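# Chain and residue survey
So you can see what is in the structure, the chains are spelled out below.
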Amino acid sequence: MSTIPQTKPQGPGRPKDMEKRAAILEAAKALFIRNAFAGTSMDAVAAEAGVSKLTVYSHFGDKDNLFREVIRARIQDLIPEDTYHYEAAEDIGVTLERIALHHVRLDCDVQNVGTFRAILSDCRQGNPRYGKLLWEEGPDRTQGLMKRLLQQAVDDGKLEIGNVARAAGQFISLIKGEMLMRRMFGCEECAQSYAAELEQTARDGVTMFLRAYLPR
(Lines give C-alpha, C1' and ligand atoms only; values in the text may rest on other atoms or scores of the structure.)
Protein backbone atom coordinates (compact mmCIF):
# COMPACT_ATOMS: atom_id res chain seq x y z
CA MET A 1 0.00 0.00 0.00
CA SER A 2 1.52 3.28 -1.06
CA THR A 3 1.63 6.18 1.29
CA ILE A 4 0.93 9.73 0.33
CA PRO A 5 4.09 11.83 0.75
CA GLN A 6 3.73 14.43 3.42
CA THR A 7 4.57 17.99 2.44
CA LYS A 8 6.22 20.13 5.02
CA PRO A 9 3.91 22.97 5.99
CA GLN A 10 5.20 26.45 5.49
CA GLY A 11 6.17 28.32 8.62
CA PRO A 12 3.30 30.43 9.87
CA GLY A 13 3.38 34.17 9.61
CA ARG A 14 6.37 34.65 7.28
CA PRO A 15 4.71 37.36 5.13
CA LYS A 16 3.54 39.01 8.35
CA ASP A 17 7.10 38.90 9.69
CA MET A 18 8.39 40.70 6.59
CA GLU A 19 5.63 43.28 6.91
CA LYS A 20 6.66 43.89 10.51
CA ARG A 21 10.31 44.19 9.53
CA ALA A 22 9.43 46.75 6.84
CA ALA A 23 7.25 48.67 9.31
CA ILE A 24 10.08 48.74 11.86
CA LEU A 25 12.55 50.04 9.26
CA GLU A 26 10.15 52.79 8.16
CA ALA A 27 9.46 53.80 11.76
CA ALA A 28 13.16 53.81 12.63
CA LYS A 29 13.98 55.84 9.54
CA ALA A 30 11.44 58.52 10.47
CA LEU A 31 12.55 58.66 14.11
CA PHE A 32 16.27 58.72 13.36
CA ILE A 33 15.74 61.58 10.92
CA ARG A 34 13.64 63.46 13.47
CA ASN A 35 15.58 62.71 16.67
CA ALA A 36 18.98 61.35 15.49
CA PHE A 37 20.46 58.19 16.96
CA ALA A 38 20.85 59.32 20.56
CA GLY A 39 17.30 60.65 20.76
CA THR A 40 15.64 57.50 19.42
CA SER A 41 14.75 54.60 21.73
CA MET A 42 13.76 51.08 20.81
CA ASP A 43 10.51 51.68 22.72
CA ALA A 44 9.75 54.64 20.45
CA VAL A 45 10.52 52.59 17.33
CA ALA A 46 8.22 49.79 18.52
CA ALA A 47 5.39 52.23 19.26
CA GLU A 48 5.80 53.98 15.90
CA ALA A 49 5.81 50.65 14.04
CA GLY A 50 2.87 49.25 16.01
CA VAL A 51 4.80 46.21 17.25
CA SER A 52 6.25 45.05 20.56
CA LYS A 53 9.78 45.97 21.62
CA LEU A 54 10.56 42.24 21.68
CA THR A 55 9.65 42.07 17.98
CA VAL A 56 12.04 44.92 17.19
CA TYR A 57 14.86 43.16 19.05
CA SER A 58 14.09 39.80 17.44
CA HIS A 59 14.42 41.33 13.97
CA PHE A 60 17.43 43.62 14.50
CA GLY A 61 19.21 42.63 17.71
CA ASP A 62 20.05 46.10 19.01
CA LYS A 63 19.77 49.78 18.16
CA ASP A 64 23.20 49.93 16.49
CA ASN A 65 22.26 47.19 14.06
CA LEU A 66 18.83 48.73 13.42
CA PHE A 67 20.42 52.08 12.54
CA ARG A 68 22.89 50.30 10.27
CA GLU A 69 20.07 48.51 8.46
CA VAL A 70 18.13 51.77 8.07
CA ILE A 71 21.16 53.35 6.37
CA ARG A 72 21.67 50.33 4.10
CA ALA A 73 17.99 50.19 3.15
CA ARG A 74 17.93 53.91 2.38
CA ILE A 75 21.06 53.76 0.26
CA GLN A 76 19.75 50.70 -1.58
CA ASP A 77 16.61 52.68 -2.42
CA LEU A 78 18.73 55.54 -3.78
CA ILE A 79 21.40 53.55 -5.61
CA PRO A 80 19.93 50.14 -6.54
CA GLU A 81 22.03 47.35 -7.97
CA ASP A 82 20.53 48.12 -11.41
CA THR A 83 22.57 51.28 -12.04
CA TYR A 84 21.33 51.99 -15.55
CA HIS A 85 21.90 55.72 -15.03
CA TYR A 86 25.64 55.06 -15.27
CA GLU A 87 25.52 53.18 -18.55
CA ALA A 88 27.17 55.17 -21.35
CA ALA A 89 25.07 56.45 -24.25
CA GLU A 90 26.52 57.31 -27.65
CA ASP A 91 26.71 60.98 -26.62
CA ILE A 92 28.69 61.31 -23.36
CA GLY A 93 27.02 64.68 -22.72
CA VAL A 94 23.59 63.02 -22.70
CA THR A 95 24.84 60.38 -20.25
CA LEU A 96 26.40 62.93 -17.92
CA GLU A 97 23.30 65.12 -17.88
CA ARG A 98 21.12 62.11 -17.06
CA ILE A 99 23.42 61.21 -14.17
CA ALA A 100 23.61 64.80 -12.98
CA LEU A 101 19.85 65.31 -12.78
CA HIS A 102 19.32 61.92 -11.12
CA HIS A 103 22.09 62.52 -8.59
CA VAL A 104 21.16 66.03 -7.48
CA ARG A 105 17.47 65.15 -7.08
CA LEU A 106 18.43 62.29 -4.79
CA ASP A 107 21.08 64.13 -2.77
CA CYS A 108 18.92 67.21 -2.23
CA ASP A 109 15.69 65.33 -1.47
CA VAL A 110 14.22 66.58 1.82
CA GLN A 111 14.14 63.12 3.42
CA ASN A 112 17.67 62.30 2.34
CA VAL A 113 18.95 65.58 3.73
CA GLY A 114 17.23 64.66 7.00
CA THR A 115 19.20 61.41 6.99
CA PHE A 116 22.45 63.34 6.41
CA ARG A 117 21.63 65.63 9.35
CA ALA A 118 20.97 62.65 11.62
CA ILE A 119 24.28 61.06 10.62
CA LEU A 120 26.21 64.30 11.14
CA SER A 121 24.65 64.73 14.57
CA ASP A 122 25.86 61.32 15.62
CA CYS A 123 29.32 61.90 14.13
CA ARG A 124 29.54 64.96 16.37
CA GLN A 125 28.51 62.84 19.36
CA GLY A 126 31.30 60.34 18.75
CA ASN A 127 29.73 57.81 16.38
CA PRO A 128 31.77 58.30 13.18
CA ARG A 129 31.19 54.66 12.23
CA TYR A 130 27.75 55.63 10.94
CA GLY A 131 29.22 58.40 8.85
CA LYS A 132 31.76 55.96 7.45
CA LEU A 133 29.01 53.45 6.69
CA LEU A 134 27.00 56.10 4.85
CA TRP A 135 30.10 57.17 2.94
CA GLU A 136 31.00 53.63 1.92
CA GLU A 137 27.47 52.63 0.93
CA GLY A 138 26.63 55.93 -0.81
CA PRO A 139 29.18 58.51 -2.05
CA ASP A 140 32.05 56.04 -2.32
CA ARG A 141 29.91 53.64 -4.35
CA THR A 142 28.73 56.48 -6.60
CA GLN A 143 32.34 57.57 -7.06
CA GLY A 144 33.21 54.06 -8.21
CA LEU A 145 30.40 54.09 -10.78
CA MET A 146 31.51 57.49 -12.06
CA LYS A 147 35.15 56.40 -12.34
CA ARG A 148 34.12 53.36 -14.35
CA LEU A 149 31.99 55.48 -16.69
CA LEU A 150 34.63 58.17 -17.18
CA GLN A 151 37.39 55.62 -17.79
CA GLN A 152 35.24 53.99 -20.46
CA ALA A 153 34.67 57.41 -22.06
CA VAL A 154 38.43 58.03 -22.02
CA ASP A 155 39.11 54.60 -23.56
CA ASP A 156 36.56 55.36 -26.29
CA GLY A 157 38.17 58.73 -27.05
CA LYS A 158 35.11 60.72 -25.91
CA LEU A 159 36.94 62.49 -23.06
CA GLU A 160 40.55 63.40 -22.28
CA ILE A 161 41.16 63.04 -18.53
CA GLY A 162 44.52 62.73 -16.82
CA ASN A 163 43.21 61.70 -13.40
CA VAL A 164 39.86 59.89 -13.64
CA ALA A 165 39.37 59.56 -9.87
CA ARG A 166 39.82 63.31 -9.35
CA ALA A 167 37.56 64.11 -12.29
CA ALA A 168 34.80 61.93 -10.80
CA GLY A 169 34.91 63.99 -7.61
CA GLN A 170 34.96 67.23 -9.58
CA PHE A 171 31.87 66.18 -11.50
CA ILE A 172 29.87 65.44 -8.32
CA SER A 173 30.89 68.82 -6.83
CA LEU A 174 30.14 70.80 -9.99
CA ILE A 175 26.61 69.48 -10.48
CA LYS A 176 25.55 70.29 -6.90
CA GLY A 177 27.29 73.60 -6.37
CA GLU A 178 25.97 75.09 -3.11
CA MET A 179 22.49 73.60 -3.52
CA LEU A 180 22.93 70.71 -1.08
CA MET A 181 24.37 73.00 1.59
CA ARG A 182 21.48 75.41 1.15
CA ARG A 183 18.99 72.63 1.82
CA MET A 184 21.07 71.26 4.70
CA PHE A 185 20.88 74.67 6.36
CA GLY A 186 17.23 75.26 5.45
CA CYS A 187 18.04 78.21 3.19
CA GLU A 188 15.75 77.43 0.25
CA GLU A 189 12.91 79.95 0.22
CA CYS A 190 10.56 78.40 -2.35
CA ALA A 191 10.36 74.70 -3.25
CA GLN A 192 9.50 75.39 -6.90
CA SER A 193 12.28 77.91 -7.53
CA TYR A 194 14.75 75.71 -5.62
CA ALA A 195 13.91 72.70 -7.81
CA ALA A 196 14.35 74.74 -10.98
CA GLU A 197 17.67 76.20 -9.80
CA LEU A 198 18.84 72.73 -8.74
CA GLU A 199 18.29 71.33 -12.24
CA GLN A 200 19.93 74.33 -13.90
CA THR A 201 22.93 74.02 -11.58
CA ALA A 202 23.27 70.36 -12.58
CA ARG A 203 23.11 71.16 -16.30
CA ASP A 204 25.59 74.03 -15.96
CA GLY A 205 27.94 71.71 -14.05
CA VAL A 206 27.86 69.21 -16.93
CA THR A 207 28.63 72.02 -19.40
CA MET A 208 31.65 73.13 -17.34
CA PHE A 209 32.87 69.54 -16.98
CA LEU A 210 32.68 68.90 -20.72
CA ARG A 211 34.40 72.20 -21.45
CA ALA A 212 37.33 70.98 -19.36
CA TYR A 213 37.55 67.39 -20.62
CA LEU A 214 36.19 67.13 -24.17
CA PRO A 215 38.98 66.32 -26.66
CA ARG A 216 40.41 69.41 -28.33
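Note that this is a predicted model, so its numbers are computed, not measured. (Residues numbered from 1 in each chain as written. Predicted model: local features only at pLDDT ≥ 70, side-chain atom pairs only at ≥ 80, totals over all residues. Heavy atoms only, no water.)

## Examining the overall build of the chain
For the chain, the helix and strand inventory stands at eleven helices and zero strands. Counting from the amino terminus, helix and strand elements in the chain follow one another as α-α-α-α-α-α-α-α-α-α-α. Considering the chain as a whole, with its 216 residues, one finds that 39% of them fall into the buried category. Working note: accessible area of the chain is about 12300 Å², and carbon and sulfur atoms make up 54% of it. (Helix = DSSP H or I, 4+ residues; strand = E, 2+ residues; numbered from the N terminus. Buried < 20%, exposed > 50% of the residue type's maximum accessible area, 1.4 Å probe, protein only. Areas by Shrake-Rupley, 256 points an atom, 1.4 Å probe, with all protein chains shown as cover.)

## Here's the deal with helix α7 (residues 128-137)
Considered for burial, the residues of α7 that qualify are Tyr130, Gly131, Leu133 and Leu134. Within α7, the buried residues cover an arc of 160° as seen down the axis, which keeps them to one side. Away from its buried face by more than 90 degrees, α7 exposes Lys132 and Trp135. (Arc of directions from axis to C-beta.)

## Digging into the nonpolar core
If you look at the biggest cluster of nonpolar residues, it comprises 54 residues, and the most contacted ones within it are Leu66, Leu96, Met146, Leu150, Leu159, Phe171 and Phe209. The residues that make up this core include at least three from each of domain 1 (17-75) and domain 2 (80-213). Look past the residues within four positions of Leu150 in its chain and what remains in contact with it is Leu96, Leu159, Ile161, Val164, Ala167, Ala168 and Phe209. (Core = buried A, V, L, I, M, F, W, Y, C linked by side-chain atoms within 4.5 Å. Domains from an automatic or database assignment. Contact = heavy atoms within 4.5 Å.)

## Focus on the pattern of salt bridges
With the rule as written, the count across this model stands at twelve salt bridges. The network of salt bridges with shared partners includes Glu97, Arg105, Glu199 and Arg203. (Salt bridge = Lys/Arg side-chain N within 4 Å of Asp/Glu carboxyl O.)

## With respect to the environment of Ser173
Relative to the elements of secondary structure, Ser173 occurs in helix α9 (residues 164-176). Taking the C-alpha atoms as reference points, Ser173 and Gly205, separated by 32 residues in sequence, lie 8.3 Å from one another.

## What about the environment of Thr201?
Structurally, Thr201 can be placed in helix α11 (residues 191-213). The class of Thr201 is buried, set by a relative accessible area of 16%. Put simply, Thr201 and Met179 are 22 residues apart on the chain and 8.1 Å apart in space, counted from C-alpha to C-alpha. Leaving out residues up to four positions away in the same chain, Thr201 has contacts with Leu174, Ile175, Lys176, Gly177 and Met179.

## Description of a negative patch on the surface
On the surface, Glu90, Asp91, Asp155 and Asp156 cluster together to form a negatively charged patch. Tracing the backbone through its elements, the reader meets Asp155 in helix α8 (residues 139-155). When its relative accessible area of 54% is taken as the criterion, Asp155 is described as exposed. (Patch = residues over 30% accessible without salt bridge, like charges linked within 9 Å, V, L, I, M, F, W, Y side chains within 5 Å. Lys, Arg positive; Asp, Glu negative; His and termini not counted. Charge placed at Lys NZ, Arg CZ, Asp CG, Glu CD.)

## Some thoughts on the environment of Arg117
Mapped onto the secondary structure, Arg117 falls in helix α6 (residues 110-124). Expressed as a C-alpha distance, the spacing of Arg117 and Ala36, which sit 81 residues apart in the sequence, is 7.9 Å. Of the polar contacts made by the side chain of Arg117, one reaches the backbone oxygen of Met184; its length is 2.8 Å. (Polar contact = N/O pair within 3.5 Å; in protein donor to acceptor, adjacent residues only side chain to side chain.)

## Quick look at the packing of helix α5 (residues 92-107) against α11
Contact pair α5 / α11: the axes reach a minimum separation of 9 Å and the direction vectors enclose 145°. Handedness of the α5/α11 crossing: right-handed. Mapping the contact onto sequence places Ile92, Gly93, Leu96, Glu97, Ala100, Leu101, Val104 and Arg105 in α5 and Leu198, Glu199, Ala202, Arg203, Val206, Phe209 and Leu210 in α11. Residue composition of the contact of α5 with α11, grouped by class: ten nonpolar, one polar and four charged. (Axes fitted to C-alpha atoms, helices over the stretch in contact; angles between N-to-C directions. Left-handed = near helix turned anticlockwise from the far one by under 90°. Nonpolar A, V, L, I, M, F, W, Y, C, P; charged D, E, K, R; others polar.)

## Comments concerning the UniProt feature "DNA-binding region" (unreviewed entry) in the chain
Feature annotation in UniProt assigns "DNA-binding region" (unreviewed entry) to the following positions: residues 41-60. This span, residues 41-60, is 80% helix and 0% strand, and a straight line between its end C-alpha atoms measures 13 Å. (UniProt positions renumbered as here; feature names shortened; annotations may be inferred.)

## With respect to the packing of aromatic side chains
Applying the stated rule across the entire model yields three aromatic pairs. Ring centres of Phe171 and Phe209 lie 5.2 Å apart, and the angle between their planes is 75°; this geometry places the pair in the edge-to-face category. Taken as a pair, Phe171 in helix α9 and Phe209 in helix α11 lie far apart in primary sequence, 38 residues in all. Here the two residues Phe171 and Phe209 agree in accessibility, since each one is buried. Both rings, one in Phe209 and one in Tyr213, keep their centres 5.0 Å apart while their planes meet at 55°; by these two values the pair is tilted. You can see Phe209 and its partner Tyr213 sitting in helix α11, four residues apart, about one turn around the helix. Using a relative accessible area of 1% as the deciding quantity, one classes Phe209 as buried. (Phe/Tyr/Trp six-rings, centres within 6.5 Å; stacked < 30°, edge-to-face > 60°.)

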